Each structure stands twice: as structure tokens, then as C-alpha cells.
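# Summary of structural features
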Amino acid sequence: MKFLLIMHDNRQIWDALTDEERKEVMSGHGTFMETVKESGELVSTAALADPSQSAVVRVRGGVPAVTDGPYLEAKEYLGGYYLVECDSRERALELAALIPDAALDGVGVEVRPVVFAGGIDG
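All values reported here derive from a predicted model rather than from experimental measurement.

## Here we look at the overall build of the chain
- Secondary structure assignment for the chain yields three helices and six strands.
- Listing every helix and strand of the chain by position from the N terminus yields β-α-α-β-β-β-β-α-β.
- With the principal axes as the frame, the chain shows a C-alpha extent of 50 × 45 × 20 Å.
- Per-residue burial for the chain yields a buried fraction of 25% across its 122 residues.
- Of the contacts made within the chain by residues no fewer than 6 positions apart, 75% connect residues no fewer than 24 positions apart.
- By element, 54% of the accessible surface of the chain is carried by carbon and sulfur atoms, the whole surface being about 8,300 Å².
- Of note, the chain has its 11 positive side-chain charges centred 6 Å away from the centre of its 21 negative side-chain charges.

Quick look at the structure:
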């Protein structure tokens, strides 16, 4: 089964961390990636830019309108994800607990089953 391990970030929480704590989180992601690569469970991963760099496209009356910034004004935003393939939901929960973001107060890692995935090769 495939699961999306979704990391929700909060700029205020990140900014409150010390430089050492930030380095620890980042190196923890390296350790996590090695773990899921070695186990063969990593399908893909992506880290996303700050929401201030995003744009929203809406088509109204056949005319596209582009606005800067995130769709929603919120403290939390999608910071990135790991797509993993593992045997069970329980294993996906175990993997999510290994992601350093899960240990930060005020944020967490959402575990969501993937019901469909497509790509250029399938």
C-alpha cells in the first residue's frame, strides 16, 4: 500500500527553534531518507518552497486569473511529503514517527493512504 506522509509546517514554530534545533531536524530528514531508501519503502519525496512563493490559478468565465501567495491564510502549510510503499498502515505510522517534524510541538505528520496514483509511465 502507498501512503503519503505529509509534513505540515508552521513558520512561527520553525522560527522559534534554535539554529542547532533546525540543523537537527534537517539532518534527521537525511537519516529518515536513508532508512526508507535502504528498506525499499521510499517512492518519492519533495520539499516545497515557502507559501509566499506560490501562486493560485482560478479560471472564471474561461479567463485564467493568477494571484500571488497561498490559497488560504493559515499558520500551517504543506511543507513537503514522502510517498512510501509499505505493508500496512501501522508501518506507515511507524515511519511517520521517524520524521523529525513529528517531534516538534505544534506540528505533526499526516498519514494518508493513496487510492490512486498516475504518472508518465502508468
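## Thoughts on the sheet that holds strand 1 (residues 2–10)
- As summarised here, the arrangement of the four strands in space is 2-5-1-6, forming an open sheet in which the pairing is antiparallel. In this open sheet, the two edge strands, each paired with only one partner strand, are strand 2 (42–47) and strand 6 (109–113). Going from strand to strand, the sheet's axes swing by 20 degrees on average, the running direction of each strand aside.
- With five bridges joining them, strand 2 and strand 5 (residues 76–85) adopt antiparallel strand pairing. Counterpart to Ala47 in the pairing with strand 5 is Gly80.
- In this fold helix 3 (residues 89–98) packs onto strand 1, strand 5 and strand 6, with an angle of close to 30 degrees to the strand it touches most, strand 1.

Conventions and cut-offs
- Residues numbered from 1 in each chain as written.
- Predicted model: local features only at pLDDT ≥ 70, side-chain atom pairs only at ≥ 80, totals over all residues.
- Heavy atoms only, no water.
- Helix = DSSP H or I, 4+ residues; strand = E, 2+ residues; numbered from the N terminus.
- Buried < 20%, exposed > 50% of the residue type's maximum accessible area, 1.4 Å probe, protein only.
- Contact = heavy atoms within 4.5 Å.
- Areas by Shrake-Rupley, 256 points an atom, 1.4 Å probe, with all protein chains shown as cover.
- Lys, Arg positive; Asp, Glu negative; His and termini not counted.
- Charge placed at Lys NZ, Arg CZ, Asp CG, Glu CD.
- Pairing = 2+ DSSP bridges.
- Axes fitted to C-alpha atoms, helices over the stretch in contact; angles between N-to-C directions.

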